[in-house]
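Coordinate analysis (summary)
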Amino acid sequence: MELTTVWFCLIAVLWVGYFALEGFDFGVGMLLPVLGREERERRVLINTIGPVWDGNEVWVLVAGGATFAAFPEWYATLFSGFYLPLLLILVALIVRGVAFEYRAKRDDAAWRARWDLAIFWGSLLPAVLWGVAFGNIVRGVPIDADLEYVGGFFNLLNPYALLGGLTTLLLFLTHGAMYVALKTDGPIRREARSLATRSGLAAALVAVVFLVWTQVDTGSVASGVLFVLAALALLTGVAAAGSGREGWAFLGTFLTIALAVAGLFAALFPDVMPTSLADGTSLTTTNAAATAYTLKIMTGVAVVFTPIVLVYQGWTYWVFRKRISVHHIPEAVLAGERPAGSR
Amino acid sequence: MDLEALDIARWQFAITTVYHFLFVPITIGLSALVAGYQTAWLRTGNEQWLRMTKFLGKLFLINFALGVVTGIVQEFQFGMNWSDYSRFVGDVFGAPLAVEGLLAFFLESTFLGLWIFGWDRLPRALHASCMWLVHLGTLFSAYFILAANSFMQNPVGYDYNAETGRAELTDFVAVLTNKVQLVTFPHVILAAYMTAGAFVAGVALWHLVRGKGREGSEDRSMYRSGARVGAWVLLVAGLGVVISGDVQGKVMTEVQPMKMAAAEALYETEEPAAFSIFTIGTPDGTSEKFSVTIPNLLSFLATGELDGRVEGINPLREQYIETYGQDPGATYYTAGDYTPYIPLTYWSFRFMMGLGFAGMAGGLAVLWATRRGRAPTGGRWTWVAVGLPLMPLFANSFGWIFTEIGRQPWVVFGLMTTEQGVSPGTTTGEVLTSLVVLTALYGVLAAVELKLMLTYIAKGADPYVEPQLRDDDNDPDRPLAFAY
């Protein structure tokens, strides 16, 4: 296989990892006001993702860095072209990340409520916007002969891409609910499971329309197969949630997202950012790529270190494998006060 | 893209990068100090070390949160605002960035998660080693991002491909062992230790004079020891910063002579050259009302010899125009004013050194005041406690402002100017929106962070609690040792 193809696949893997992992912590963030009706429940939800959300988010940074290194033209055109959506995503990720760390640092209901809002919107916005962005990438955007995006902001808000945004929103919401059902105990667990079943069906409906649309527009045999498998995984996951098998249910949405994202990349190949202009030039794995030497170096680094990363990230999930419920949440030990008797 | 958008993009880069780098040195240095305290506790069983570990660990996390989220902006804005730069250097510059993500960011984030939540999940030695791995991650991160920056200061290991119009990597090892990188890395890392040392010394000193370690309180010895540990780290690292900075000055004179001339606002070549501590008047060399100078010092800083020759701005500018104005790769070169903005290079260089030395003097004062069992009380020491952490912190900022402004008008020295690197298709409105939104957000977050930091500093170290591993079989309902 050519190195440019290898790197196309590796970047696909990084986005698959990002969406399959951060997808559920976006989902948990969005479910905060839904499943967390009182403070302890909200803390249960946040603590299910507490040790892992930051590691999940690194996948997007590495995806960005790898795109920069392996396909500089892609990185340059995509990031300068999708300027305002990316700015929104940045703002969302900033307030969300700070919110997780700072929320519990003051014993003040108004303070916590503000950070809860930051977590909710900071999870919801990227969940939608990443879908819109990928919809646009797959569908093609106005790129001129100098490989420069010339479409402006509102061009990105077309029906197909917006449907993509709705698809990722519902998939991540379901994925998050599956995760909560798997990682908690008590009433939250039951509610999460039943919510996952319902949102899973809605997600399936929307996702099928989006994926069929994609397949008709730009699909290949490989993308078609991956999309069918994604749909099957989603239905299996929802069914498993319905029958109380939470591990299988979570695996189902995990695979759904992974397969669907892989399918989008398959539909894209060998373009990386097709143009919608008749006289424009599409960015491809060839004309956007770095030199063979850079790709070779990067391949060596990726081959050695990616497995190591997978092992220790996997180990983290093993360390924090136990379910959490409200009685596991300690009293908040907050600034200026300590629980009675601890002195 | 018009000039206005270029200026806004430059302001955004300056603001977001200087802001990001307020958190980075503390993250690098404090992760080592927290891990060090935790290891000391493991080795000796002394409860004070564990209390300090947890106390400093909380302050570390408040700082780390902002370091992480502002780092995402850095990763994105090369492509957003500087897409032509990204196209031009992506083949060389992208590789260290990608490696940084894979080697460093995963390590930091994953093991920090394990450290924060793992007190009752991991055996003690394994738990402490998580913080050491976080520290290792910060070192990797610094190494690769500084290698990328060193390429911008002194491009090596590449070929200019006229056909594609970009710089292409030919030797990755050369990029990683760039002579600028080999002196910059120790300089930056030691400055980070210095900053963290000053932070710990300042916090502990504050408790001695105003907080939980005042005369007669039980914890006085713990905070006294903290002040001394911090001051020693500050001083030893500071010495390393001075030495590495000295070597760096000579490398800089060799590869970017204009930057050294701009650091002194030296318009004409001198042999030997004096160093001015400060100048009143216009620093453009035309009128100088008053200045305090040390003879021969600039010669020594630049060349290592007391009577060495230091090239001035004017002859260098002639040289640069000759070299770069007529280069065959003219698509990327424009002849012009090769002089950086002199007042900023002149003063940022002095503030960097002045604040660094002032921080070291503060460290010495703390060691003196805490000698042989003594500890200071009240009065002026409060100001030392407050001022001490700020000095190396802002010295870092001025160091970066100096090194980046001193490279102008280049973004990659000798290859591409900053003006050529900006995104051609991005509108002024977009960049302005981004600048306003990020600056406002950063301002609010700074206020929140500072308030939390001060609250938690004032709260001091919690009482000792013996960490215990969870026993899920016998006591599955025991509350978590730590939860958000």
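Every value quoted in this text rests on a predicted model; they were computed, and no experiment measured them. (Residues numbered from 1 in each chain as written. Chains lettered and ligands numbered in written order. Predicted model: local features only at pLDDT ≥ 70, side-chain atom pairs only at ≥ 80, totals over all residues.)

1. Details of the overall build of chain A
Each helix and strand in chain A was counted, giving 11 helices and 2 strands. Written out in order from the N terminus, the α and β elements of chain A read α-α-α-α-α-α-α-α-α-α-β-β-α. Relative to its length of 343 residues, chain A is compact, with a C-alpha radius of gyration of 21 Å against a globular reference of 20 Å. Taking contacts inside chain A between residues at least 6 apart in sequence as the whole, the part at least 24 apart equals 79%. (Helix = DSSP H or I, 4+ residues; strand = E, 2+ residues; numbered from the N terminus. Rg over C-alpha atoms; globule rule 2.2 N^0.38 Å. Contact = placed C-beta atoms within 7 Å.)

2. Remarks on the overall build of chain B
When its secondary structure is counted, chain B shows 14 helices and 6 strands. Compactness check: chain B gives a C-alpha radius of gyration of 24 Å against a globular reference of 23 Å for 484 residues, within 12% of the reference. With respect to the principal axes defined by its C-alpha atoms, chain B has extents near 80 × 50 × 40 Å. Taken across its 484 residues, chain B has 54% of its residues classed as buried. The contacts in chain B between residues at least 6 apart in sequence include a share of 78% that link residues at least 24 apart. (Buried ≥ 20, exposed ≤ 12 C-beta atoms within 10 Å, placed from the backbone.)

3. Focus on the interface of chain A and chain B
Taken together, the contact between chain A and chain B spans 69 residues of the former and 62 residues of the latter. Of all elements in the fold, only helix H2 (39–49), helix H3 (53–70), helix H4 (72–81), helix H5 (83–102) and helix H11 (292–319) of chain A reach the threshold of two or more residues within the side of chain A that touches chain B. Grouping the amino acids of the side of chain A that touches chain B by side-chain chemistry returns 42 nonpolar, 18 polar and 9 charged. (Nonpolar A, V, L, I, M, F, W, Y, C, P; charged D, E, K, R; others polar.)

4. Observations concerning the packing of helix H4 (residues 124–153) of chain B against helix H6 (residues 179–209) of chain B
Residues and elements named next belong to chain B. H6 packs onto H4 with a crossing angle of 135° between their chain directions and a minimal axis gap of 9 Å. With respect to H6, the element H4 is oriented oblique. At the point where H4 passes H6, the crossing takes the right-handed sense. Across from Leu 139, Ala 142, Tyr 143, Leu 146, Ala 147, Ser 150 and Gln 153 in H4, the residues of H6 making contact are Val 180, Gln 181, Thr 184, Phe 185, Val 188 and Ile 189. In terms of residue class, the contact of H4 with H6 is made up of 9 nonpolar, 4 polar and no charged. (Axes fitted to C-alpha atoms, helices over the stretch in contact; angles between N-to-C directions. Parallel < 35°, antiparallel > 145°, perpendicular 65-115°, else oblique. Left-handed = near helix turned anticlockwise from the far one by under 90°.)

5. Structural notes on the confidence of the model for chain B
All names here are of chain B. Looking at chain B as a whole, its pLDDT mean stands at 91, while 96% of the residues score no less than 70. Scored below 50 in pLDDT, residues 326–335 makes 13 contacts in the model with residues more than four places away or belonging to other chains. This complex was scored by the predictor with a pTM of 0.94 and an ipTM of 0.93. (pLDDT = per-residue confidence, 0-100.)

6. Comments concerning unusual backbone geometry
Residue and element names in this part refer to chain A. The linkage connecting Phe 269 with the following residue, Pro 270, adopts the cis geometry, with an omega of 0°. Residue position: Pro 270 is located in the loop between helix H10 (246–268) and strand S1 (271–273). Phi is positive for Leu 147, which is not a glycine, with a value near 65°. Examined against the element boundaries, Leu 147 turns out to sit in the loop between helix H6 (109–139) and helix H7 (159–183).

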